[in-house]
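# Structural description and commentary
Residues per chain, in single letters:
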Amino acid sequence: MKGLKIVFWIIWRIWFYVLMAVPILIMLPFLLISIISERGYPYFFKMARIWAKFILFGMGFYYKVKREQKLIKNTSYMIVANHTSMTDIMLMLAIIKNPFVFVGKKELVKIPLFGFFYKRTCILVDRNSSKSKNEVFKRAQDRLNQGLSICIFPEGGVPDDESILLDEFKDGAFRLAIEHQIPIVPIVFADNKERFSYTFLSGSPGKMRGKILPFVETNGLKPDNRKDLRDNVRQLIYKDLLEFKRKDLKE
């Protein structure tokens, strides 16, 4: 029985990368046109949402999201969420309609096809370089000035220890939100680690629950407030993660 599970996991994981490639190949001419200039990004974003949903449904994932507050069209936000899985990217694209730009780790550039577009549409960060972090901040400012939103996973990466429910948050997202006086949108992903973690022989099709929490306003806040803001947002997400865990134990 264990041998069959291992075979399933191997085939299923390979299938994930096949699903990543297929819609990119189908939409390739349109994707290439959309990245010629930054003005084409909203069109690229629409295709990215199709790509994300194709992967989620193709992997046997179905998502259900509770929205305690809705995003307003043509408004910029700082979107933050807990980070446990590569599927966080897909689920974020599937549930948020407002065009946003990811700030993400440069290592994903190595993935064939996906990496090509990832490099040209996302803001890449080298976490070992202070120069890279400063450049990220400037690029994010440019995108916000264009009326787009920014999405950052403020843990700064997925913890190696999968028993960690929520790692400590970095300051970057909150510094940007205060500087531009834009609302922070905290999002909780309850099941992505269970569905598709970074451990190769793990995961399964099934539900992906999410929750968009009430927005945290930054109007009137100063740069000195960023740490308190960071800790407050982290606590909001952590509290709801614990609530999801408690509900699962009762079922």
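Read on for an overview of the structure. These numbers were taken from a predicted model, which means no experiment stands behind them.

The rules behind the values
- Residues numbered from 1 in each chain as written.
- Predicted model: local features only at pLDDT ≥ 70, side-chain atom pairs only at ≥ 80, totals over all residues.
- Heavy atoms only, no water.
- Helix = DSSP H or I, 4+ residues; strand = E, 2+ residues; numbered from the N terminus.
- Contact = heavy atoms within 4.5 Å.
- Areas by Shrake-Rupley, 256 points an atom, 1.4 Å probe, with all protein chains shown as cover.
- Lys, Arg positive; Asp, Glu negative; His and termini not counted.
- Charge placed at Lys NZ, Arg CZ, Asp CG, Glu CD.
- Buried < 20%, exposed > 50% of the residue type's maximum accessible area, 1.4 Å probe, protein only.

### Some remarks on the overall build of the protein
Check the secondary structure of the protein and you find nine helices and seven strands. For the protein, the spread of C-alpha atoms along the three principal axes comes to 60 × 50 × 35 Å. Considering only contacts in the protein between residues 6 or more positions apart, those separated by 24 or more positions represent 75%. Of the roughly 13,300 Å² of accessible surface on the protein, a fraction of 58% belongs to carbon and sulfur atoms. Here the protein carries 41 positive and 25 negative side-chain charges, and the mean point of each set is 6 Å from the other.

### Concerning unusual backbone geometry
Of note in this structure, Asn74 is not a glycine but carries a positive phi near 60°. Structurally, Asn74 is set in the loop between β1 (61-67) and β2 (78-81). The phi torsion at Leu113 lies on the positive side, around 65°, for a residue other than glycine. Following the sequence through the fold, Leu113 ends up in the loop between β3 (100-105) and α5 (114-121). Taking the relative accessible area as the measure of exposure, Leu113 reaches 30% and is therefore partly exposed.

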